[in-house]
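Observations on chain architecture
Take a look at the letters that make up each chain.
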Amino acid sequence: MDFRPWLLKTSDAPPAGPAPGEDLVYASRAFDDSGWRLLDLPHDWGVESPFVQALPGETGKLPWHGVAWYRKRLHLTAADAGRRIVLEVDGALSNSAVFCNGRLVGGWAYGYMSFQVDLTGCLQAGADNSLAIRLDNPAGSSRWYPGGGLYRHVWLTRTGAVHVLADQQFVHTPEVSAEKATVAVRSAVANSSPGPVKAAVEVEIFRADAQGRPVGAPLARTRELVHHLKPGALQTFDFNLKLSRPALWDVKSPHRHVAVTLVSQGGRLRDRVDTPFGIRQIAFKADDGFHLNGRRVALKGVCMHHDLGALGAAFNVRAAERQLELLREMGVNALRTSHNPPAPELLELTDRMGFVVINELFDTWTQAKKPQDYHQHFPAWSEADARTWVRRDRNHPSVILWSTGNELHELGMKMGPAVSNRLANIVRSEDPTRLITVGAHDVESGFNGFQKTVGVFGYNYKPHEYARFHRANPTLPLYGSETASTVSSRGEYHFPVTDDKAGGLTGYHVSSYDLYSPWWASSPDVEFRGQDQNRFVAGEFVWTGFDYLGEPTPFNDDATNLFNFHTPEARARAAEELARLGTLQLPSRSSYFGIFDLAGFKKDRFWLYQSRWRPELPSAHILPHWNWPERVGQVTPVHVYTSGDEAELFLNGRSLGRRKKGDGEYRLRWNDVVYEPGELTVVAYWKGQDWARSRVVTTGPAQLLQLAADRAEIRADGRDLSFITATVVDQAGRAVPRSKPRLTFTIDGPGELVATDNGDPTDHTSFKSAQRHAFNALALAIVKFKPGATQPVTLKVTAEGLAPAEVLLHPR
Ligand code: GAL
């Protein structure tokens, strides 16, 4: 058996499965897999398992590592003879090996990269064929929860022998104005038939509908180019098309077009590839940030890991779309796909919804962050990964920068510029239209020459260095590639409230006053100041939009971040705390960095970012909640996030003073409020005029449950999801802030409870469980219909001592 090197690397690492060779029986065509579980892709085997600390130091506490096999029977009809059949895997974690009828035909090491395997020479027409994929996901290979399995879509594409190579399409817009645009289309056509062919190739441009499909009559069309292709030949064709008064792609109005490449032979159409694209112009200016279609667009961005909370890494379009909708509500217009290429469908969504994207390739280059991470593949695979990445994603108008990596150790090493230049040259050879960037943690890499290897420089957590960087590099554009890393648990508030960023910890929760962060990071306000004092900075990418699985800083299992988190004094306190615990097996499963928690519920700083990023939207938000029976008579600070510039706070009708935001201030604070139950009201002003109001009241005891679906009508296709929020309320229907009753969800009808969550980073209840505690009044249920269902589904929630609730979902 011909083993490729990537199969041999990892399998002796515990708790990986059998060494390659021992389990090859699963690859064979004759193997009887009738006893195997039937499942749908995308699939993440880690997230469906119970929480368990399988290995010390692995964050996320879900068993995502090891060896797994997937098998599929493929029936080909006699008509498939002579067709080219290609398997496309959008992502497989990781070290995949693909076997066709028992033969190793391909595979890929990097779990975040899409890859193709040509099955033509192996599959038999008119017969049953077997496809088997072996994955080997090594422990110690990721700083966050990566997931395990065929966690993105897998496709089989059949074409004729004369075909367009979809992965080689390149569509861009070298000239763009309101009056006209030039669209450059490069297409590659191959002849895999045994004889020579005369192929005619042409391109048409259409407007795209919401799904990116062509609509209406073509807006432009080329003449046919005719070419004689020898057997096995591949020919590239370049076209330029002119459009007048083009509808531009923009974050505000993301108009899309489609380039359709048609290849025919003797007047008969043989193949067609549709490439959605956008007509837009991007530029980074060293002294004025990012420009889209000629105007400055401040990057209001968040970093996002790829997991989808309770769904794990298994990609789901609706779950990603929901995240984007919530981010949009906050004013986000930009994403950084930290620290790996996203699912292809995510870029479809950002194209369609109007977000710009920094598409990131790697978290490591040649130097390890974890013993089994990508550094071991870098020498052999980085070129293939970089080329495949750019070819896959270069037609998306939303992609504005290629980030070749995050916080690389090489930034501080002599070899750094050489490695960076090598990757940059590969990227540029596939796409000369976009600039290259990295996320840099190392201050000096902005001054020691490394910065010259990129077209746009990204600093992680360095607002205090922006001015110095710009003085030293007046022609190099700059942005905050990672900012804030403020940590909090939704709805938890700890006292006394200190401004020491190492504070705010009680038990395994972090206080939600949005003042706390690891030592390298800050509250949101500090970054805002850095941005406002340095207008040349193109914007920021907050770490992170949503909480994610794993990396529960400051409560990581190896305790390093618990120590790092603190100043020297606080570090001593942390050491005592750890000694008391006597274990490094800390309980947290998910991060505290998100502006949204893992379930997608808003933490307080949602309103802080919204007040900054949507200044035109009147808003006022009060924190904390006002249910503190044990704090009567004690100082309980109140903070207000508002898009106004001034506000007055009232407690039970008494004014506690009117405050104005000073220069470089982004929140209003009443630090000496003495708690008494009742009602806190805020009246916000903008330039002296009434602007927004809100209030927080002391609620009664929990009495009822409420259910609200984000969408009560969803497609019955087994994929579309409804996200249903359960809220614990008092008699008057007000959410009871600190309530944590145990809830039970039941489904009636042709649906499935896919997962539940509550956003509590310490909750070890399996995401598959129908029982779960509410966390500070809220819990989430995710429901789908069985494919083809026509009847409605009822989701019911019950809890001891509380009136139950139901919600009805309809198939569409
Ligand atoms: C950065 C790193 C991120 C995440 C973050 C937490 O240094 O790039 O991946 O670990 O810190 O603050």
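Residues numbered from 1 in each chain as written. Predicted model: local features only at pLDDT ≥ 70, side-chain atom pairs only at ≥ 80, totals over all residues. Heavy atoms only, no water.

**Description of the overall build of the protein**
A count of helical and extended segments in the protein gives ten helices and 45 strands. Relative to the globule expectation of 28 Å for 812 residues, the C-alpha radius of gyration of the protein, 28 Å, shows essentially globular dimensions. The principal-axis extent of the C-alpha atoms belonging to the protein is close to 90 × 60 × 55 Å. Relative to its 812 residues, the protein shows a buried fraction of 60%. Within the protein, residue pairs in contact and separated by at least 24 positions form 71% of the contacts whose partners lie at least 6 positions apart. (Helix = DSSP H or I, 4+ residues; strand = E, 2+ residues; numbered from the N terminus. Rg over C-alpha atoms; globule rule 2.2 N^0.38 Å. Buried < 20%, exposed > 50% of the residue type's maximum accessible area, 1.4 Å probe, protein only. Contact = heavy atoms within 4.5 Å.)

**Things to note about the state of the cysteines**
Counted by the stated rule, this structure contains one disulfide. Sulfur-sulfur distance for the disulfide between Cys100 and Cys122 comes to 2.0 Å. The S-S bond linking Cys100 to Cys122 shows a torsion near -105°; that makes this disulfide left-handed. Here Cys100 is found in strand 3 (residues 96-100), whereas its partner Cys122 is found in the loop between strand 5 (115-118) and strand 6 (127-137), with 22 residues between them in sequence. An identical accessibility class is assigned to Cys100 and Cys122; each is buried. (Disulfide = S-S within 2.5 Å.)

**Quick word on the site of the ligand**
Taken together, Arg143, His339, Asn406, Glu407, Asn460, Tyr461, Glu482, Ser485, Trp520, Trp543, Glu551 and Phe593 form the complete shell of residues around the ligand. Asn406 places a polar side-chain atom, nitrogen or oxygen, 2.9 Å from an oxygen atom of the ligand. Measuring from an oxygen atom of the ligand, one finds a side-chain N or O atom of Ser485 at 2.7 Å. Here the ligand, which alone exposes 310 Å², has 95% of that area covered by the protein. Of the residues contributing to the shell around the ligand, the split by class is four nonpolar, four polar and four charged. (Near = heavy atom within 4 Å. Polar contact = N/O pair within 3.5 Å; in protein donor to acceptor, adjacent residues only side chain to side chain. Areas by Shrake-Rupley, 256 points an atom, 1.4 Å probe, with all protein chains shown as cover. Nonpolar A, V, L, I, M, F, W, Y, C, P; charged D, E, K, R; others polar.)

**Considerations on the UniProt feature "domain: Glycoside hydrolase family" (unreviewed entry) in the protein**
On the UniProt side, "domain: Glycoside hydrolase family" (unreviewed entry) is annotated at positions that read residues 705-807 here. Strand forms 51% of residues 705-807 and helix 0%; the C-alpha atoms that close the span are 11 Å apart. (UniProt positions renumbered as here; feature names shortened; annotations may be inferred.)

**Thoughts on the packing of aromatic side chains**
For the structure on display, the rule yields 40 aromatic pairs. Where Trp389 meets Trp402, the ring centres are 4.8 Å apart and the plane angle is 70°; that geometry is what we call edge-to-face. Of this pair, Trp389 sits in helix 4 (residues 378-393) while Trp402 is found in strand 23 (residues 399-406), placing the two residues 13 residues apart along the sequence. Seen in terms of ring centroids, Tyr493 and Tyr513 are 5.8 Å apart; in terms of plane orientation they differ by 85°. Their pairing is edge-to-face. Of the two residues, Tyr493 is situated in the loop between strand 26 (478-484) and strand 27 (505-506) and Tyr513 in the loop between strand 28 (509-510) and helix 7 (524-532); the sequence distance between them amounts to 20 residues. Given a relative accessible area of 10%, Tyr493 falls into the buried group. Lying over the aromatic face of Phe355, Arg328 brings its terminal NZ or CZ to 4.2 Å of the ring centre. Here Arg658 stacks its cationic end above the ring of Tyr685, 3.7 Å away from the centre of that ring. (Phe/Tyr/Trp six-rings, centres within 6.5 Å; stacked < 30°, edge-to-face > 60°. Lys NZ or Arg CZ within 6 Å of the ring centre and 35° of its normal.)

**Quick look at the nonpolar core**
Leu327 and Met330 are the most contacted members of the largest nonpolar core, which has 162 residues in total. The dominant element in this core, judged by the number of residues it contributes, is helix 2 (residues 317-330), at six residues. Apart from residues no more than four positions distant in its own chain, Met330 is found in contact with Val302, Ile595, Phe596, Phe606, Tyr609, Gln610, Trp613 and Arg614. (Core = buried A, V, L, I, M, F, W, Y, C linked by side-chain atoms within 4.5 Å.)

**Brief notes about the sheet that holds strand 4 (residues 103-108)**
On the basis of which strands lie adjacent, the open sheet formed by four strands has the order 1-6-3-4 and antiparallel pairing. At either end of the open sheet lies a strand with only one pairing partner, and these are strand 1 (66-76) and strand 4. Each adjacent strand pair in this sheet contributes to an overall mean axis angle of 20°, direction not counted. In this structure, strand 3 lies alongside strand 4, joined through five bridges in antiparallel fashion. Along strand 4, the bridge assignment pairs Cys100 with Arg103. (Pairing = 2+ DSSP bridges. Axes fitted to C-alpha atoms, helices over the stretch in contact; angles between N-to-C directions.)

**Remarks on the pairing of strand 17 (residues 282-285)**
Bridging between strand 17 and strand 18 (residues 289-292) involves four bridges; their strand directions are antiparallel. Of the residues in strand 18, the one forming a bridge with Lys285 is Gly289.

**Digging into the UniProt feature "domain: Glycoside hydrolase family 2 catalytic" (unreviewed entry) in the protein**
Under the UniProt annotation, the feature "domain: Glycoside hydrolase family 2 catalytic" (unreviewed entry) is placed at residues 287-442. For residues 287-442, the end-to-end C-alpha separation is 22 Å, with 35% helix and 21% strand making up the annotated structure.

**Notes on the pattern of salt bridges**
Enumeration according to the criterion identifies 52 salt bridges in this entry. The shortest N-O distance in the salt bridge between Asp288 and Arg296 comes to 3.4 Å. Classification of Asp288 as buried rests on a relative accessible area of 19%. Relative accessible area serves as the criterion here: at 24%, Arg296 is assigned to the partly exposed category. The salt bridge involving Asp597 is made with Arg490; its shortest N-O contact spans 2.7 Å. In this pair, Asp597 is assigned in the loop between helix 9 (568-581) and helix 10 (605-613) and Arg490 in the loop between strand 26 and strand 27, connecting sequence segments 107 residues apart. Just as Asp597 is buried, Arg490 falls in that class too. Within the structure, one salt-bridge network assembled from shared partners comprises Arg318, Glu321, Glu325, Arg352 and Asp710. (Salt bridge = Lys/Arg side-chain N within 4 Å of Asp/Glu carboxyl O.)

**Comments concerning the packing of helix 4 against helix 5 (residues 416-430)**
With their axes 8 Å apart at the nearest point, helix 4 and helix 5 run at an angle of 35° to one another. Seen along the crossing, helix 4 lies across helix 5 with a hand that is right-handed. Contacts from Phe378, Ser382, Glu383, Ala386, Arg387, Trp389, Val390 and Arg391 in helix 4 reach Val419, Arg422, Leu423, Ile426, Val427, Ser429 and Glu430 in helix 5. Considering only residue class, the contact of helix 4 with helix 5 consists of eight nonpolar, two polar and five charged. (Left-handed = near helix turned anticlockwise from the far one by under 90°.)

**Topic: helix 3 (residues 344-353)**
Judged by how many residues are buried, helix 3 sits mostly within the fold: eight of ten residues are covered. Of all the positions in helix 3, only Pro344, Glu345, Leu346, Leu347, Leu349, Thr350, Asp351 and Met353 are classed as buried. Against the buried residues of helix 3 lie strand 7 (154-159), helix 2, strand 21 (334-336), strand 22 (356-360), helix 4 and strand 23. Where helix 3 ends, the next residue or the one after it, Gly354, has phi of about 85°, a positive value.

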